[in-house]
Amino acid sequence: MEINKEKLLEMYRGMFVIRHFETKTKELFAGGKIPGFVHLYSGEEGVAVGVCSALRKDDYIGSTHRGHGHCIAKGGDVKYIMAELYGRETGCCRGKGGSMHIADFDVGIMGASGIVGGSIPLITGAALHFKYKETDQVAVAFFGDGATNQGSFHESINLAAIWDLPILYVCENNKYAESTSISSVMRVKTVADRAEAYGVPGITVDGNDVVAVYEAASDAVERARKGKGPTLLECETCRHHGHFEGDSGTYRTKEMVEECKKRCPIKRLGKFLEDEGFATKQEIEDIEKDVEREIAEAIEFADKSPWPKPEDALKDVFVTPYY
Ligand SMILES: Cc1ncc(C[n+]2csc(CCOP(=O)(O)OP(=O)(O)O)c2C)c(N)n1
Ligand SMILES: [Mg+2]
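Residues numbered from 1 in each chain as written. Chains lettered and ligands numbered in written order. Predicted model: local features only at pLDDT ≥ 70, side-chain atom pairs only at ≥ 80, totals over all residues. Heavy atoms only, no water.

A. Layout of the coordination of the magnesium ion (ligand 2). With distances of 2.0 to 2.1 Å, the protein atoms coordinating the magnesium ion (ligand 2) are Asp 145 (OD), Asn 174 (OD1) and Tyr 176 (O). Taken in chain order, the donor set of the magnesium ion (ligand 2) reads D-x28-N-x1-Y. Comparing Asn 174 with Tyr 176, the two get one shared label, buried. (Donors = N, O, S within 2.8 Å, 3.2 Å for Na, K, Ca; no water. Buried < 20%, exposed > 50% of the residue type's maximum accessible area, 1.4 Å probe, protein only.)

Structure follows, in C-alpha cells:
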C-alpha cells in the first residue's frame, strides 16, 4: 500500500497529541484538577491512530474506559475533551460524562463506556443501521483483551458475521485486564484465533507499529465498505502506566514496563521518518512544539470554563424524574 509523507506526518502528530494530552492529564489528575478516574492510553497510540487514519469522518467508533486516544484520533477536539475531563459545561458531553464517557456525534464518536465490553453491542447496532440504510459507512468497536471474555463481544461479533455488517472489531491486547494476565483467562493463543468460531477473518498485528495497524485496518475497512462483513483485528500493545492512575502496578515488574516503553510507537515512527528521509529532526520537533501549544490552550480553555449549572443536572441524560 502506498503511504506518503503527508499521511506519515499526520499519524506522527496524531500519536503525539494523544501522548502529550495523556502526560498532561496525569499531572492534572494528580494535582486535583480532574475529578473521578482516569485510565491513560500512553503506549497504545499506534492502535487508535492507525485505525482511525483508515476511516472517514462519517464513520463511527465505539470506545472504552481507556478512550481519550480513540476520541482524539477520530477527530475529537482536544479543547472539548479536556473540558469534559474537567467536568465543565463546555465539555463535549457538557461535563456530565467525564473521562470514561466521551461522545461527539459530529465526528463519529458514538461514545465511550465505563462498562467493559459495553460499547461493542452499541456500535454493532450502528453498523446494522449503516447496512439497513445502505450507506457505505463503517463502524469500529475498540475494546481490550479483557472485554473479549464478555458475552457482549461474542454475541455482537456473531450477529455481525451472520449479517455481514460493516464493522471492525479492534482488540487492543495490552495483555492485562486490570491486574489479570490474559494468558490466565484465555485458552487459545491469540485473540484473533477467536474469529474462526464466527467465520470472520482474524488478524494479529503489532499495535505499536502504526503503519502496520493502518495497513491492516485499511484492508478491513475496504472489506466492510464492500459489504463483505466484519474483521477481528487484534493489535498487540502495552500500556506505559498503571491500569488507572493510582494503580500500584505490582503485577508487572519494572523491567516489563521498561521493555514496554522501549517499544514506544511514537519513537518508532520518529526513527522511521528520519531514517527513511521523510522528515528531519527539526520538522519532528516543530510538530511537537505545535502540539504542546495546542494542548496548553486546551487546558487553559478547560480551566477557565464554567461548571454545569445545578438546574441543568437532568438535561441531556436518560432519566425520568420520579418526584
Ligand atoms: C462489566 C465490567 N466488569 C468489570 C469492570 C471493572 N473493570 C474496569 S476496566 C477492567 C479491565 C478491562 O481490561 P481490558 O478490556 O483488557 O482493557 P484495558 O484496561 O486493558 O484497556 C475491569 C475489569 C467494569 N468496568 N465493567
Ligand atoms: Mg487489556
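B. Up close: the state of the cysteines. Tallied over the full model, the rule gives one disulfide. Bridging Cys 238 to Cys 260, the disulfide has an S-S length of 2.3 Å. Disulfide Cys 238-Cys 260: the torsion about the S-S bond is 95°, which places it as right-handed. Residue Cys 238 is found in the loop between β8 (231–236) and α8 (254–262), and its partner Cys 260 is found in helix α8; the two are separated by 22 residues along the sequence. Like Cys 260, Cys 238 is buried. Cys 52 takes part in no disulfide bond, and the closest cysteine sulfur, belonging to Cys 71, lies 8.7 Å away. (Disulfide = S-S within 2.5 Å. Helix = DSSP H or I, 4+ residues; strand = E, 2+ residues; numbered from the N terminus.)

C. View of the site of ligand 1. Around ligand 1, the structure places 15 residues, and the nearest of them are His 65, Arg 66, Gly 114, Gly 146 and Tyr 176. A distance of 3.0 Å separates an oxygen atom of ligand 1 from a polar atom in the side chain of Asp 145. The side chain of Glu 178 places a nitrogen or oxygen atom 3.2 Å from a nitrogen atom of ligand 1. Starting from 580 Å² of accessible surface for ligand 1 in isolation, the protein chains cover 74%. Along the lines of polarity and charge, the residues of the shell around ligand 1 split into five nonpolar, seven polar and three charged. (Near = heavy atom within 4 Å. Polar contact = N/O pair within 3.5 Å; in protein donor to acceptor, adjacent residues only side chain to side chain. Areas by Shrake-Rupley, 256 points an atom, 1.4 Å probe, with all protein chains shown as cover. Nonpolar A, V, L, I, M, F, W, Y, C, P; charged D, E, K, R; others polar.)

D. View of the pattern of salt bridges. A complete count under the given rule lists 24 salt bridges for this structure. In this structure, Glu 294 engages Arg 13 in a salt bridge whose closest nitrogen and oxygen atoms are separated by 3.1 Å. Residue Glu 294 is found in helix α10 (residues 281–304), and its partner Arg 13 is found in helix α1 (residues 5–30); the two are separated by 281 residues along the sequence. The class of Arg 13 is partly exposed, set by a relative accessible area of 25%. A salt bridge links Glu 222 to Lys 226; the nearest nitrogen and oxygen atoms lie 2.8 Å apart. Bridged by salt links that share partners, the residues Arg 13, Asp 290, Arg 293, Glu 294 and Glu 297 form one connected network. (Salt bridge = Lys/Arg side-chain N within 4 Å of Asp/Glu carboxyl O.)

E. Seen up close, the packing of helix α5 (residues 119–132) against helix α6 (residues 151–162). Between α5 and α6, the shortest axis-to-axis distance is 8 Å and the interhelical angle comes to 15°. Judged on the interaxial angle alone, α6 and α5 are roughly parallel. As α5 packs across α6, the resulting crossing turns out to be left-handed. Contacts between α5 and α6 involve Ile 120, Pro 121 and Thr 124 from the first element and Ser 152, Phe 153, Ser 156 and Ala 160 from the second. Looking at the contact of α5 with α6, its residues break down into four nonpolar, three polar and no charged. (Axes fitted to C-alpha atoms, helices over the stretch in contact; angles between N-to-C directions. Parallel < 35°, antiparallel > 145°, perpendicular 65-115°, else oblique. Left-handed = near helix turned anticlockwise from the far one by under 90°. Contact = heavy atoms within 4.5 Å.)

F. Helix α2 (residues 45–52), seen in detail. In terms of burial, α2 is largely enclosed, as eight of its eight residues are buried. All of the buried residues along α2 are Glu 45, Gly 46, Val 47, Ala 48, Val 49, Gly 50, Val 51 and Cys 52.

G. Local environment of the sheet that holds strand β7 (residues 202–206). Strand order in the open sheet formed by six strands is β2-β1-β3-β4-β8-β7, with parallel pairing between adjacent strands. On the outer flanks of this sheet lie β2 (109–111) and β7, each paired with one strand and no other. Mean inter-strand twist for the sheet, computed between neighbouring axes without regard to direction, equals 25°. Where β7 and β8 come together, five bridges link them in parallel fashion. Residue pairing in the sheet places Val 205 in a bridge with Cys 235 of β8. (Pairing = 2+ DSSP bridges.)

H. Broad picture of the packing of aromatic side chains. As enumerated under the stated definition, the model contains seven aromatic pairs in all. Seen in terms of ring centroids, Tyr 176 and Tyr 251 are 5.3 Å apart; in terms of plane orientation they differ by 45°. Their pairing is tilted. Note that Tyr 176 is positioned in strand β5 (residues 176–177) and Tyr 251 in the loop between β8 and α8, a separation of 75 residues in sequence. For Tyr 176, a relative accessible area of 15% translates into the label buried. One residue, Arg 88, lies across the ring of Trp 307, its end atom 3.9 Å from the ring centre. (Phe/Tyr/Trp six-rings, centres within 6.5 Å; stacked < 30°, edge-to-face > 60°. Lys NZ or Arg CZ within 6 Å of the ring centre and 35° of its normal.)

I. Quick look at the pairing of β8. Counting buried residues in β8 gives five out of six residues, a clear majority hidden from the surface. Bridge analysis of strand β4 (residues 167–173) against β8 gives six bridges, and the strand direction is parallel. Residue pairing across strands places Glu 172 opposite Cys 235, the latter belonging to β8. Remark: the β7/helix α7 (residues 210–225)/β8 crossover connection has right-handed handedness. (Right-handed = clockwise from strand over helix to strand, strands pointing away.)

J. Representation of a nonpolar patch on the surface in the model. Among the surface-exposed residues, Leu 128, Leu 159, Ile 162 and Trp 163 lie close enough to one another that they form a single nonpolar patch of about 360 Å² accessible area. Along the chain, Leu 159 turns up in helix α6. According to the relative accessible area criterion, Leu 159 is partly exposed, its value standing at 34%. (Patch = residues over 30% accessible without salt bridge, like charges linked within 9 Å, V, L, I, M, F, W, Y side chains within 5 Å.)

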